[in-house]
Amino acid sequence: MTHIPTPRGKLTENRPLADLTWLRVGGPADWFFQPADVEDLAAFLRDLPEDVAVFPMGVGSNLIVRDGGLRAVVIRLGRGFNMVEIDGNRVTAGVAMLDAHVARKAGQAGLDLTFLRTIPGAIGGAVRMNAGCYGTYVADVFVEAKAVTRSGEIVTLTADDLNFQYRQTDLPEGWVLTEATFEAPAGDPEDLAQRMDDQLAKRDATQPTKDRTAGSTFRNPAGFSSTGKDDDVHDLKAWKLIDDAGMRGARIGGAQMSEKHSNFMLNTGDATAADLENLGEEVRKRVFQNSGIELVWEIKRVGEPAAE
């Protein structure tokens, strides 16, 4: 039997994950670890056998865990990893801090990280996926991040280390981000607050924010997110390709492509992870048949299917 180290934080065996994801689907993780602090995390990873897989999990906003669960130690950072510190024009945030909260805190200090306000999830995922909207990305404001390697070493990562690209970075497998520092342009706190209110109103008017979703299902083939400006082009936007393929509102089981925004996948109440993934693959197939363009998943899908 594999030896799992005993940490100071909370370690749970066979922990169901469905309640920790925004889509509310998925089987259990073999182990679920909530570290007490960075040192606890580093010691645990150092002592964990090399053949045990590690999966860092944020707030589950951009994630499908398959119905058979994860043969891994899922690591979720919470209390102790949710601080925000401001020094001059630099904002340092723990990876468990919600993007929206960091945007608000920065805005109150007269620093413009407003693009984070409408991005679902926490800072760790935002860095990992180079999150962005309205023409600004994490890469544009990133200074450095701290992480714990799979062997338990605490390291500092630069932009070159992460190699930011559209919706992806080169963070090595099993490494766990712990905090990130951004350099933000200055702005008037009242103006920044108003801009964030306007962004929220626009998001709520165009996206199914009250439904169970995981944000955008597919990356935009154009290679950039919506700018929010009047001259924004839609030809290579995922939603437009899905519409043109007749898949707005399409359903499999309890999974549905939203009628309000067709690049959002919904759990209408009783979807399985298989329903969601099968619907996404059907959308990809129909879009390819219609346009010759192959959509790439933006939602991360992990784990194993349910046993037959």
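Preceding this paragraph is the structure being described.
1. A closer look at the sheet that holds strand S1 (residues 10-16)
The strands that make up a sheet pair up through hydrogen bonds in the backbone, lying either parallel or antiparallel.
Point 1. The sheet built from four strands is open, its strands ordered S1-S2-S5-S3 with mixed pairing. Strands with a single pairing partner mark the edges of an open sheet, and in this sheet they are S1 and strand S3 (54-57). Ignoring which end each strand starts from, the neighbouring axes of this sheet average 30° apart.
Point 2. Note that S1 and strand S2 (residues 28-34) share six bridges and pair antiparallel. Looking across to S2, one finds that Leu11 is bridged to Phe33.

2. Details of the pairing of strand S5 (residues 70-76)
Point 1. The element S5 is largely enclosed, with a buried count of five among its seven residues.
Point 2. Here S2 pairs with S5 via four bridges, running parallel. Bridge pairing links Phe32 to Val74 in S5.
Point 3. In this sheet, S5 lies alongside S3 in parallel orientation, the contact comprising four bridges. Across the sheet, Val54 pairs through a bridge with Val73, a residue of S5.

Definitions and limits used
Residues numbered from 1 in each chain as written. Predicted model: local features only at pLDDT ≥ 70, side-chain atom pairs only at ≥ 80, totals over all residues. Heavy atoms only, no water. Pairing = 2+ DSSP bridges. Helix = DSSP H or I, 4+ residues; strand = E, 2+ residues; numbered from the N terminus. Axes fitted to C-alpha atoms, helices over the stretch in contact; angles between N-to-C directions. Buried < 20%, exposed > 50% of the residue type's maximum accessible area, 1.4 Å probe, protein only.

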